[in-house]
Amino acid sequence: MTYERFLSRGANAMRESAIRKMGAIGARVPDLISFAAGYPDSGTFPWNAFREIASELLNGHDPNALQYGATRGYRPLVDDIGQVLESHGIRSTFEERLVTTGSQQGLDLVGRLLIDPGDVILVELPTYTGAISAFRNTQAEMIGVPQDADGIDVEALDSTLQSLRAAGRRVKFLYVVPNFQNPSGLLIGLAKRRRLLEWAERRDVLLVEDDPYGELFFPDRATREETRPIKADDTTGRVIYLSSFSKTLAPGFRVAWVVAPAEMIAKFDLAKQAADICAGALDQRVIHQAIHRGVLATQGERLRTHYQHKRQVMEHALAERLGDRMSWTTPRGGFFLWGRLAGGVDAEAVLAHALESKVSFVIGRAFYVDDSGHDTLRLSFSQPSDAELEEGVARLALAVARAR
């Protein structure tokens, strides 16, 4: 019996995430060095602090630690998030914040609340695969806009919007990852951020700003001021802002948040009730305690130095092994290095040889909504050790040589 005829149009349009697919392959291949998964280095997790916090929370003194909670989120944590936002220049009220079960749920909620089948969503070219999946599931059509060295091309963006509107298409929002974008690693310049906000106001388009990497700027390449969120200058409620504790504390807690106008957050609340009722009560309390005990405050500098070093190790290895066969832009923060293979070599062909050599990456085409980018690839340097970074690049160089 086949079930396709019973599935909704949305279900039939779903596609497997290229990143999750590579993760599944990695689980089956012993000794695989993975440049595919954008995982934080588990060695950076504040294990001792978490152990102490969990022990206290599970002593039974607070029976609500393992109970259902408010859909909006654990109130002390929602207040904490307000302080985190203010440190980044974003002012918000309690009614404008919602805790989500990871940023991916935030993207899913954005799709379900804002997109009708057939709507057009503008995205960067390339863009994050998780957003592609979330918006595709709501049967949106995604149109990609090319990027310059400092992020999305605003002239191309406006031209694309005007052409779509002239054709009678409805554009709901622009999705952007301004800080060290997954996958390209690009940082949108401050002047361009202001232009994007002005453009959105003038053209009456919402901005969905996804900011999981803002804390992970590399001191040798960027400053905190350069990561100022677009939302920080939003005075009219034009920007929906998403962020997470996954990259700064630990992704296993699945604690993230959305900031938007109060009436929109009320709708997010209703949609989340239908999805999971509430985020995990214990997870939220652990994060709350980590903030109040100063754990989050001490993580930032440590992580920036740690991941900057990893980027340097990967770049040095690439320069030695692949300097004339792949080009890339040095990322100024985040987890990813975006490469382009010389001579138009297809990254999918390289991947086949790479898996034989027990190294993996994500083909760039997975991040393009127009099926381009066949000669591009995303390499994550965040999780492997220094030795694995060097050995993995050596294996990758062999795979590129075989694919030529």
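Computed from a predicted model, the values in this text were never measured in an experiment.

(A) Structural view of the side chain of Arg311. If you trace the backbone, Arg311 turns up in helix H11 (residues 295-322). Note on Arg311: relative accessible area 2%, which makes it buried.

(B) Quick look at the sheet that holds strand S13 (residues 362-363). In spatial order, the strands read S10-S11-S14-S13; together these 4 strands make up an open sheet with antiparallel pairing. The outermost strands of the open sheet, each flanked by one partner alone, are strand S10 (326-328) and S13. With 2 bridges joining them, S13 and strand S14 (residues 376-380) adopt antiparallel strand pairing. Bridge pairing links Val362 to Arg378 in S14. Packed onto the sheet, H11 meets S10, strand S11 (336-341) and S14 and runs at close to 150 degrees relative to S10.

(C) Just the environment of Leu379, in detail. Residue placement: Leu379 occurs in strand S14. Given the relative accessible area of 0%, Leu379 is considered buried. Separated by 104 residues in sequence, Leu379 and Ala275 have C-alpha atoms that sit 33 Å apart. Setting aside chain neighbours within four positions, we find Leu379 in contact with Phe35, Met314, Leu318, Met326, Phe335, Phe336, Leu337, Phe361 and Leu396.

(D) Quick look at the packing of aromatic side chains. The full count for this structure, using the stated rule, is 12 aromatic pairs. Ring geometry for Phe50 versus Phe253: centroids 4.9 Å apart, planes at 70 degrees, classification edge-to-face. Here Phe253 lies in the loop between strand S8 (239-244) and strand S9 (256-259) and Phe50 lies in helix H3 (residues 47-57), a separation of 203 residues in the sequence. Across the pair, Phe253 and Phe50 agree in class, each one buried. Plain terms: the ring middles of Tyr213 and Phe336 are 5.8 Å apart, the flat faces sit at 85 degrees to each other, and that makes the pair edge-to-face. Of the two residues, Tyr213 is situated in the loop between strand S7 (206-210) and S8 and Phe336 in strand S11; the sequence distance between them amounts to 123 residues. Here Phe336 falls in the buried class, since its relative accessible area comes to 2%. Ring-pair connections join several aromatic residues into one group, and the members of that group are Tyr213, Tyr307, Phe335 and Phe336. Stacked on the ring of Phe94, the Lys or Arg Arg75 has its end atom at 3.7 Å from the ring centre. It is Arg285 that lies over the ring of Tyr74; its NZ or CZ is 4.2 Å from the centre.

How each quantity is defined
- Residues numbered from 1 in each chain as written.
- Predicted model: local features only at pLDDT ≥ 70, side-chain atom pairs only at ≥ 80, totals over all residues.
- Heavy atoms only, no water.
- Helix = DSSP H or I, 4+ residues; strand = E, 2+ residues; numbered from the N terminus.
- Buried < 20%, exposed > 50% of the residue type's maximum accessible area, 1.4 Å probe, protein only.
- Pairing = 2+ DSSP bridges.
- Contact = heavy atoms within 4.5 Å.
- Axes fitted to C-alpha atoms, helices over the stretch in contact; angles between N-to-C directions.
- Phe/Tyr/Trp six-rings, centres within 6.5 Å; stacked < 30°, edge-to-face > 60°.
- Lys NZ or Arg CZ within 6 Å of the ring centre and 35° of its normal.

In short, the description is geometric, and any link to function would need to be established separately.
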